[in-house]
Amino acid sequence: MIKAILIFNNHGKPRLIRFYQYFAEDMQQQIIRETFHLVSKRDDNVCNFLEGGSLIGGSDYKLIYRHYATLYFVFCVDSSESELGILDLIQVNLLQFVFVETLDKCFENVCELDLIFHMDKVHYILQEVVMGGMVLETNMNEIVAQVELQNRMEKSEGGLSAAPARAVSAVKNMNLPEIPRNINIGDINIKVPSLSPF
Amino acid sequence: MALKIVKGSIDRMFDKNLQDLVRGIRNHKEDEAKYISTCIDEIKQELKQDNIAVKANAVCKLTYLQMLGYDVSWAAFNIVEVMSSSKFTYKRIGYLAASQCFHEGTDVIMLTTNQIRKDLSSPNQYDTGVALTGLSCFVTPDLARDLANDIMTLMSHTKPYIRKKAVLIMYKVFLKYPESLRPAFPRLKEKLEDPDPGVQSAAVNVICELARRNPKNYLSLAPLFFKLMTSSTNNWVLIKIIKLFGALTPLEPRLGKKLIEPLTNLIHSTSAMSLLYECVNTVIAVLISLSSGMPNHSASIQLCVQKLRILIEDSDQNLKYLGLLAMSKILKTHPKSVQSHKDLILQCLDDKDESIRLRALDLLYGMVSKKNLMEIVKKLMLHVDKAEGTTYRDELLTKIIDICSQSNFQYITNFEWYISILVELTRLEGTRHGHLIASQMLDVAIRVKAIRGFAVAQMATLLDNAHLLTGNTQRNGICEVLYAAAWICGEFSEHLEDPMQTLEAMLRPKVATLPGHIQAVYVQNAAKLFATVLRKHDGETESQAAQETSQLLIDRLPLFVQSANLEVQERASCILQLVKYIQKLQQKNVEVAEEVTALFAGELNPVAPKAQKKVPIPEGLDLDAWINEPPSGSESEDEKPKAVFAKEEPKHSRSRHTEVDEKELARRREVRKQEQASNPFYIKASPSSQKVYDAPGVEHIPVVQIDLSVPLKVPGMPMSDQYLKLEEERRQKEKAERKKKEKKKKREKRGKERKADSGPESEEDITPAHQVDIVTEEMPENALPSDDDDKDPNDPHKALDIDLDKPLADSDKLPVRTHRPEVLKSPAEDRDGESVPQETKKKSGKEKKKDKEKDRKRSKEEKKKKKKPKEVEEELLESQPEEAVQSEETKEAAAPPTSTSAEASDLDFWLSSAPVPPAAQEVTAPSSSAAAVDTSSAAAPESEPDEPKDTEPEDTKSSKHKKKKQKKEKEEKEKKKKKRHHHHHQHHGDAGGEDSVQNGTVEEEEPLPPMSNYSLLAENSYIKMMKEDADQVYDIQGNHQDESKVVVSVIFENKSDSFLKAMEFNVLDSLNSKLQRPEGAGAHDSLTVPFQLPPGVSNEARFVFSVQSIVMPQKLKGTLTFIVKSDESSTHEKLDFKLHFTCTSYLITTPCYSDAYAKLLESGDLKGSSLRLEGINMPFHHLLARICFHHHFSVVERIDSCASMYSRSIQGHHVCLLVKTSDQTVSIDAKCDEPSLLGNVLDEIKQTFSKC
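Cut-offs used in this document
Residues numbered from 1 in each chain as written. Chains lettered and ligands numbered in written order. Predicted model: local features only at pLDDT ≥ 70, side-chain atom pairs only at ≥ 80, totals over all residues. Heavy atoms only, no water. Helix = DSSP H or I, 4+ residues; strand = E, 2+ residues; numbered from the N terminus. Buried < 20%, exposed > 50% of the residue type's maximum accessible area, 1.4 Å probe, protein only. Contact = heavy atoms within 4.5 Å. Areas by Shrake-Rupley, 256 points an atom, 1.4 Å probe, with all protein chains shown as cover. Phe/Tyr/Trp six-rings, centres within 6.5 Å; stacked < 30°, edge-to-face > 60°. pLDDT = per-residue confidence, 0-100. Buried area = accessible area lost by both parts, 1.4 Å probe. Salt bridge = Lys/Arg side-chain N within 4 Å of Asp/Glu carboxyl O. Polar contact = N/O pair within 3.5 Å; in protein donor to acceptor, adjacent residues only side chain to side chain. Nonpolar A, V, L, I, M, F, W, Y, C, P; charged D, E, K, R; others polar.

(A) The arrangement of the overall build of chain A in detail. If you tally the helices and strands in chain A, you get 5 helices and 9 strands. Helices and strands in chain A line up, N terminus first, as β-β-α-β-β-β-α-α-α-β-β-α-β-β. Classification of the 198 residues of chain A by burial places 58% in the buried group. The contacts in chain A between residues at least 6 apart in sequence include a share of 51% that link residues at least 24 apart. As displayed, chain A offers around 8,100 Å² of accessible surface, 52% of which is attributable to carbon and sulfur atoms.

(B) The packing of aromatic side chains, seen in detail. Tallying each qualifying case throughout the model produces 15 aromatic pairs over all chains. On the numbers, 5.7 Å between centres and 85° between planes, the contact of Phe8(A) with Phe36(A) is edge-to-face. Separated by 28 residues along the polypeptide, Phe8(A) in strand β1 (residues 2-9) and Phe36(A) in helix α1 (residues 25-40) bring together distant segments of the chain. Phe36(A) shares its class with Phe8(A); the two are buried. For the ring pair Tyr1157(B) and Tyr1206(B), a centre distance of 6.4 Å and an interplane angle of 90° mean the geometry is edge-to-face. Taken together, the residues span a long stretch of sequence, with Tyr1157(B) in helix α45 (residues 1154-1162) and Tyr1206(B) in strand β14 (residues 1202-1209) at a distance of 49 residues. Clustering of aromatic rings is evident, with ring pairs tying together Phe8(A), Phe36(A), Tyr65(A) and Tyr72(A).

(C) Region of the structure containing the confidence of the model for chain A. Overall, the prediction assigns chain A a mean pLDDT of 74, with 66% of residues at 70 or greater. Contacts of residues 175-198 of chain A to residues separated by more than four positions or lying in other chains number 31 contacts, the stretch itself having pLDDT below 50.

(D) Region of interest: the interface of chain A and chain B. Contact with chain A, which involves 68 residues of that partner, is made by 74 residues of chain B. Counting each side, the surface lost to burial between chain A and chain B is near 6,500 Å², with a carbon and sulfur contribution of 56%. For the pair chain A and chain B, the interface holds 9 salt bridges. Between Lys164(B) and Glu137(A) there is a salt bridge; the shortest N-O distance is 2.6 Å. Taken together, the links from chain A to chain B amount to 31 residue pairs in polar contact (both at pLDDT 80 or more). Among the secondary structure elements, those contributing two or more residues to the side of chain A that touches chain B are β2 (14-19), α1, β3 (49-51), α2 (83-107), α3 (112-117), α4 (119-129), β7 (134-135) and α5 (140-174) of chain A. Residue contributions to the side of chain A that touches chain B peak at 16 residues, all from α5(A). Among the residues forming the side of chain A that touches chain B, the class breakdown is 29 nonpolar, 19 polar and 20 charged.

Okay, structure coming up:
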């Protein structure tokens, strides 16, 4: 079982949190802080497993994480999950394929800013990968297909009424000098999403 | 309309959306909290508006704020509102918010039940999906109970996307509502063989989670998982299965034997590291479960260790870490194979990665032996000095202590060395583990008598230098050590060389800065030392020293009398008064030493930590009974006297004790004795020690006496290193001596005693350097070796410890929605019918497994038959299978006795058969019986998915085509069958082939006549065939959209006195309907009925038909051929029959909700027709029940004498009925999108009612 999935940046700012067991909000924040503290002091070339988050889990639980560009992806799992399997899921499936590629495909290109501004969308993608603490799907094509179909549905529902809102949001985006045009983070080439055609 | 929407959204566009909020927060870095609070105010305003889009937007923003740590539970109701929006966009937002912040304490959750149910049955798969995903995060016991049935229905949804989600969420439902596990399990099991890999993976996932907690209940699934393991290519699924096997093997060692080979193959073949690693892990688990010393498995161990070494040497830190992790598992059972890699592991101690160092430490724990303990600890001590981070250093410290103290100090040969290690450890700065060191010191000093002198000397030095320990800060825990030091010096003060000096050290003013509990010990032990000093100077008249001591105490103690700590204060003032009194006596020259010493006489014995718990309750003592009559009136909780002592014993543990009867006690005592016998440190109780047990005193404490050489004397302050050197020298010397002795061939007795616990290396060579008397901990006389205390009673998984192999009982049902009890008559009836098929499903699932084996066996059997045809058939049938099993079992040396239950022997059979993968078994079946084999192997996968449709009102007859492996079993079965047979007779007798007794009966004022769907198919003097209205129907998902399948169950009943065998079932296919034959069989080949019938026995077989068009009823001609075998002759017989497929049989009972129903009728796609029935004089609910039962409808709504009903065909046609009744006249208005189907169904309904 996966107990929690946390994504936060190099400064410990949460970008996505998903707990599969209830914790009150302040406890959640404490867990994020603790996890960040544990994870951030580790070098990049040490192993990706960590025992002993005292707040979350217990002896049966492990933190499996991956540092990727400016983001940390942390899974808190118990012993029924295969360590390498989860790492594969983050590293190969979730990051390179599921996350990056899925995000890639769904957002065209991904960077931290996308996560910041589209937390809800990332949640929807994650929901197709992990459900209730168990891995739902590892097949990338399937995940992308389902996410796309749902987005399409959302678009068709939006129809006429959504058009003005989209327009406004595009205008708002245009006033944004702070979105950089090109960010080069680590080994992925990231382009800032082009503004929605309008 | 459109304009309004546009206008609304123009208003809306100046609301902040999520992106605006995020941007705003980023722009207000300085006053973020203030900015967010204004945003929350805005959100509150937005939530007050009627526009759902505005609300959804607000909720979306709240989700973001929740992530930042803001409590948004105040908006829970709004979230529910958004969840219930009809638009997917908003629904999704609502469910996301709910999944992030709802929990069991959220009270609005109970409002969501109906909404979720509606979403679950939504025609849009993504509505369903979103609801399932959301539910998985906030399911509560109530929701689980109310929705379990709906979710279970979804497990057979046509879309794999929904199926896999429904399967996964079942795990959450089980956790919250354990009663659902049994009814849902058969279907979950079916999903293991779902055609969609995603669904399959989900089912594996769920079962693995379940099995991990309660593995024994899932052992019977092993063959199925084995099959999956050998056939699946999905690494994720493979990993899960392999992990599951790892959990199962400890329970069933034979499973392990079967696994070794395929796992080894996987290890060799796979390129995926994750899979390789899990394989290695499971192989290790297997090796652990197998009794050690199996010679042929040493290769496997070697393979594992080799692979792990490769992992550890890998530059990838992750692999290194996992390699060490797995290595530690091997270590437990095969320490030798690991110990050869000590170099590698010690090397890992220097790794820069803390996780890896910790793992390596764990490994070291298991690698120590008497020989290398000192060396390893020395290495660790070096690391302690180097380690910079306190956490790692603390970890090292605890590990050193763990390593040394493990299994009762088994590996310590020299306790002086150990004490000095402990003393050295006290010099660590800022460690948190002072108490740990302290308890070790106490433990050693108390339990190792011989070391006391040395320990006391060391402790005295510690006390003398206490300022070094307390120097830095109070909060470092190391001062705890002083607690131990003071106590040891006091308790064993007779060993002190200069008690006076120690006493002085203990009463220094600086002591007052120590924590209270330590001061208290100081004061108390000062008194003990005082007693020692007095005794030392006993006899000397007017001893100056004694009086000086008294004066010292009188001078110093007032400091403690003023202590803020009550304990210290009390002890100090007591002792102060005592000393003052003694001083008076001393001045009068009275001998006081004797009396003072008497205060502290006697020795404290170590008591096992669980000793109190294990005292059995004497017979006749009821701890829960009132001693006096309870006081009248209610006494509130807080008035109860508070327990003075910690409540150590939860009540249930007591009651558990009382349950244990004498026999059990005796048995346990026996077990304990054996345990003790194998424990080298436990002195075998001599009869005398047992008897004098109750007598006070210390003589009875069991003490191990080990003959040893002279204790080492080390001059000066001992350093552990010196010991190491000395120890090495000593061993060298001993070795040399031994060699001499060996030459003289005088190598007797020596070491014999120690042989019992000889460590992994030849440790009998090493004798402890020290006189070690390890005093075992005291235990009550007839202590119970109860180790059940490990289980956490709050573990939710405990409730899931349910035996899944037991057939379902009537009580094992999922609750169904009951908002209109009247209408419910028929669904309730459905349910009753349903719970039973589940049972049969489960059974048949098992049977399928069995079938394969059986077929294999049968083929053998047939071969044999050919060889000796003259043998009496009957005998053959009974004896041969048994022989077969036996012969197979005898192949396995360690085949255990087969258990009597069918289930167990099922597994037994699978396990005991030669370790050939099942796939191969099927292939190797001889050609003579190829047809038979194929039938069942093909039928199994086909008929399994047949069963998902849950609401089928079907009868209880299941395929009982079991053949017996053992006589005993067979007899049992025979009985069952007879019962079944009897059962049949009964219902044919009273209802003329139409009605039968049903297992579940409906309780009501007017009981419903029992109904059955079995009708007579054909009959002759030999055999009777009963057909069940082909009601098990499903459409093949995906691949053949236009083709549907129908399963026909046929009961064959032998009416003759002869034995019926070689039954072959054949049907003349029509263009539209075809009997499904195994691949490779011709279009006119007949199917072999997979059983034989002894006289008077009936059994059931299922046949699958594929049907193209379902709008017309069909009749198929068929023939059954069989051989009648009586004692003197055998004849070939045949029986013709006609299979009648009614249109009804293509309908599936499908629940429908009134709103969806209304929409359907409004849509205008349906064409109408109507029917009038005259002269029906049965109650309306009976009428409805009949329609439901015989024609697979479900009641949508019922108002007085009017009801709407719904059903769906296997090809998706909707059929709606409106049934009205008045004065024996029933009118049925019907609508359907396929007029001819409707016409036929109505005709059939008419027919049903014309019969009664």
